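# What the coordinates show
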Amino acid sequence: MGDVKTVPVSGIRAELAAAGDNSELLDAFILSHAGDEREGVRKMAAAAVKKLARLEAEADRVRRMHTFEQDILSDYLTGGYVCGVDEAGRGPLAGPVAAGAVIMPPDREIPGINDSKKLSPKARDELYERIVSEAVSWAVVMVGPETVDGKNILQATYEAMREAVLSLDPAPEAVAADAVRIPGLHLPQMPVVKGDAKCYSIAAASILAKVTRDRYMEEMDALYPAYGFAGNKGYGSADHIEALKKYGPCPIHRSSFIGHFIDPGTVSEVRSTHDIGAEYEEKASDYLKEKGYSIRRRNYRTSLGEIDIIAADPEGCLVFVEVKHRRTMRFGCAAEAVNRAKKEAITRTALCYLKENGIDPGAKMRFDVIASDRGKISHIVNAF
């Protein structure tokens, strides 16, 4: 076998790192290095033993969840699929309630699947990608605040769950749900108390629902930044409640949930970033007209990007204009927000406009930025 000391410690450390969470590689590492005379190598082998034990325990936990699911629904299955269902977002003051439904492959497990509340955001995101890529079928349905307020949160949750299950193709033969029986589903159902921690497909569904809703609330944070939705996901954190009292509700708040804090009929003092952006685009358009420009197009969109204003200057040069505004200088001036990725997207979108309108790409044109910093407008010609 040769002298193990001929392998440098740094190489062995790299070998352990390369093994990652692969049980077979860890097992091989242990067999190769557990007998090494060097203390540092023996410690690495001991660490590999502990890691392998954790991985095997985790695999056993997931296997028990899968077996539990098959056992409780065995009376209903004749070779068809089990569907797991769970929700996210019943308690927040704002945003939709989301329901995930998923049919997982019956012959294998994804390590790490667990109740979404027990997982870190990074782990949830990674598992979400594996679930959607390996699932037999999956769906997430979100039901908005208007339905929550109109029907109550329980009925809105049932609606989301029902629609998620009915969206699956192939259809399931039986349904396992977290502690509820879903009305209007003509399928065998098994409510499982704490099912997201006990039942494999319910846990997978909980991850789909949680990640989808969290991502939606992060998008809403960009639209309504005053409420901190990216951090609180619509739940009643102290900062969220303070903003609600200060500014009133925004369109995604649940009026039936916020009565303890404010009058639900309070008019919001907060405008969305879209509304604010539209205002500055209007000001930029008026500015260009005053300078003798003719406006050809506003908010030109393609799948590659968007251009705020397309105009022609007094000499007939085609001008693609990006409009940016900043209320404070905390993150730099407005023009600095036009980064490389934004410039590339605008350029690609401009080429689409040229092609769509039969304009020679060699025609005279340029890219400008109109920036508004704390209300002061500056026009940057040939910005990039």
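Up top you'll find the structure we're talking about.
Criteria and thresholds
- Residues numbered from 1 in each chain as written.
- Predicted model: local features only at pLDDT ≥ 70, side-chain atom pairs only at ≥ 80, totals over all residues.
- Heavy atoms only, no water.
- Core = buried A, V, L, I, M, F, W, Y, C linked by side-chain atoms within 4.5 Å.
- Buried < 20%, exposed > 50% of the residue type's maximum accessible area, 1.4 Å probe, protein only.
- Helix = DSSP H or I, 4+ residues; strand = E, 2+ residues; numbered from the N terminus.
- Contact = heavy atoms within 4.5 Å.
- Pairing = 2+ DSSP bridges.
- Axes fitted to C-alpha atoms, helices over the stretch in contact; angles between N-to-C directions.
- Parallel < 35°, antiparallel > 145°, perpendicular 65-115°, else oblique.
- Left-handed = near helix turned anticlockwise from the far one by under 90°.
- Disulfide = S-S within 2.5 Å.
- 1 Å grid on protein atoms, 1.4 Å probe; cavity = no way out; pocket = protein on both sides within 12 Å on 5 of 7 lines; lining within 4 Å.
- Points joined across faces, edges and corners; volume = space filled by probe spheres on them.
- Nonpolar A, V, L, I, M, F, W, Y, C, P; charged D, E, K, R; others polar.
- Salt bridge = Lys/Arg side-chain N within 4 Å of Asp/Glu carboxyl O.
- Phe/Tyr/Trp six-rings, centres within 6.5 Å; stacked < 30°, edge-to-face > 60°.
- Lys NZ or Arg CZ within 6 Å of the ring centre and 35° of its normal.
- Arc of directions from axis to C-beta.

So, about the nonpolar core. In summary, soluble globular proteins display a tendency toward joint burial of nonpolar side chains. Within the largest apolar cluster, 23 residues are counted, with the highest numbers of intra-cluster contacts made by Cys83, Val85, Ala101, Val165 and Ile182. For this core, the secondary structure elements donating two or more residues are β1 (82-88), β2 (97-103), β3 (137-143), α6 (153-166) and β4 (174-178). A per-element tally of this core places α6 first, with 7 residues. Look past the residues within four positions of valine 165 in its chain and what remains in contact with it is Cys83, Val85, Ala101, Pro172, Val175, Leu185 and Leu187. Counting residues in each nonpolar core, the second largest holds 18 residues, with Met65, Val102, Met104 and Leu208 among its members.

Turning next to the sheet that holds strand β5 (residues 189-192). Spatial strand order, β3-β2-β1-β4-β5: 5 strands in an open sheet with mixed pairing. The open sheet terminates on both sides in strands that have one partner only, identified here as β3 and β5. Strand-to-strand twist of the sheet, defined as the mean angle between neighbouring strand axes without regard to direction, takes the value 20°. Pairing geometry for β1 and β4, over 4 bridges, is parallel. By the bridge assignment for β4, glycine 84 is matched with alanine 176.

Our focus in this paragraph is the packing of helix α1 (residues 9-19) against helix α2 (residues 23-33). Each pair of packed helices gets described by two things: the angle between the helix axes and the distance between those axes. At a closest axis distance of 9 Å, the pairing of α1 and α2 adopts a crossing angle of 155°. By the criterion of interaxial angle, the relationship of α1 to α2 is roughly antiparallel. You can see that α1 and α2 cross each other, and the crossing is left-handed. Residues Ile12, Glu15, Leu16, Ala18 and Ala19 of α1 touch α2, and the partners they reach there are Leu25, Leu26, Phe29 and His33.

Turning to the state of the cysteines, a few remarks are in order. Here the structure, examined in full by the defined rule, presents 0 disulfides. Here cysteine 317 is not disulfide-linked; the sulfur of cysteine 352 is the nearest cysteine sulfur, at 19 Å. Judged by its relative accessible area of 3%, cysteine 317 falls in the buried class. The exposure class assigned to cysteine 352 is partly exposed, which follows from its relative accessible area of 26%.

Space inside the second largest pocket adds up to approximately 410 Å³. Lining the second largest pocket are 16 residues; nearest its centre among them are Asp21, Leu55, Glu58, Pro111 and Gly112. With 7 residues, helix α3 (residues 39-72) is the single largest residue contributor to the lining of the second largest pocket. Residue composition of the lining of the second largest pocket, by class: 6 nonpolar, 3 polar and 7 charged.

For the rest of this paragraph, the subject is the pattern of salt bridges. Using the criterion set out here, one finds 24 salt bridges in the structure. Residues arginine 63 and aspartate 60 are paired through a salt bridge, measuring 3.7 Å at the closest nitrogen-oxygen approach. A residue pair is termed a helical-turn pair when its members lie 3 or 4 positions apart in one helix, as arginine 63 and aspartate 60 do in helix α3 at 3 residues. For aspartate 60, a relative accessible area of 32% translates into the label partly exposed. In this structure, aspartate 214 and arginine 124 form a salt bridge, with 3.8 Å as the shortest nitrogen-oxygen distance. Taken together, the residues span a long stretch of sequence, with aspartate 214 in helix α8 (residues 200-223) and arginine 124 in helix α4 (residues 121-134) at a distance of 90 residues. In this structure aspartate 214 comes out as buried when scored by relative accessible area, which is 9%. One salt-bridge network, held together by shared partners, links Asp107, Arg108, Arg130 and Glu134.

On to the packing of aromatic side chains. All told, the structure shown has 6 aromatic pairs when counted by the stated rule. Judged by centre distance (6.0 Å) and plane angle (85°), the rings of phenylalanine 320 and tyrosine 353 are edge-to-face. Of this pair, phenylalanine 320 sits in strand β8 (residues 318-326) while tyrosine 353 sits in helix α12 (residues 340-356), placing them 33 residues apart in sequence. Each member of the pair, phenylalanine 320 as well as tyrosine 353, is classed as buried. Through a chain of ring-to-ring contacts, the aromatic side chains of Tyr300, Phe320, Tyr353, Phe367 and Phe384 assemble into a single cluster. Above the face of the phenylalanine 257 ring, arginine 254 is positioned so that its terminal group lies 5.0 Å from the ring centre.

At a minimum axis separation of 7 Å, α3 and α8 run at an interaxial angle of 110°. Overall, the two elements α3 and α8 adopt an arrangement that is roughly perpendicular. Facing α3, whose interface residues are Val62, Met65, His66 and Glu69, α8 presents Tyr200, Ser201, Ile202 and Ala203.

Another point: α1. Looking at α1, one finds that the buried residues are Ile12, Leu16 and Ala19. Angularly, the buried residues of α1 cover 60° about the axis, an arc narrow enough to put them on a single face. The outward face of α1, more than 90 degrees from its buried face, is lined by the exposed residues Ala17 and Ala18. Taken together, the buried residues of α1 touch α2 and α3. One or two steps after α1, the chain reaches glycine 20, where phi turns positive at roughly 55°.

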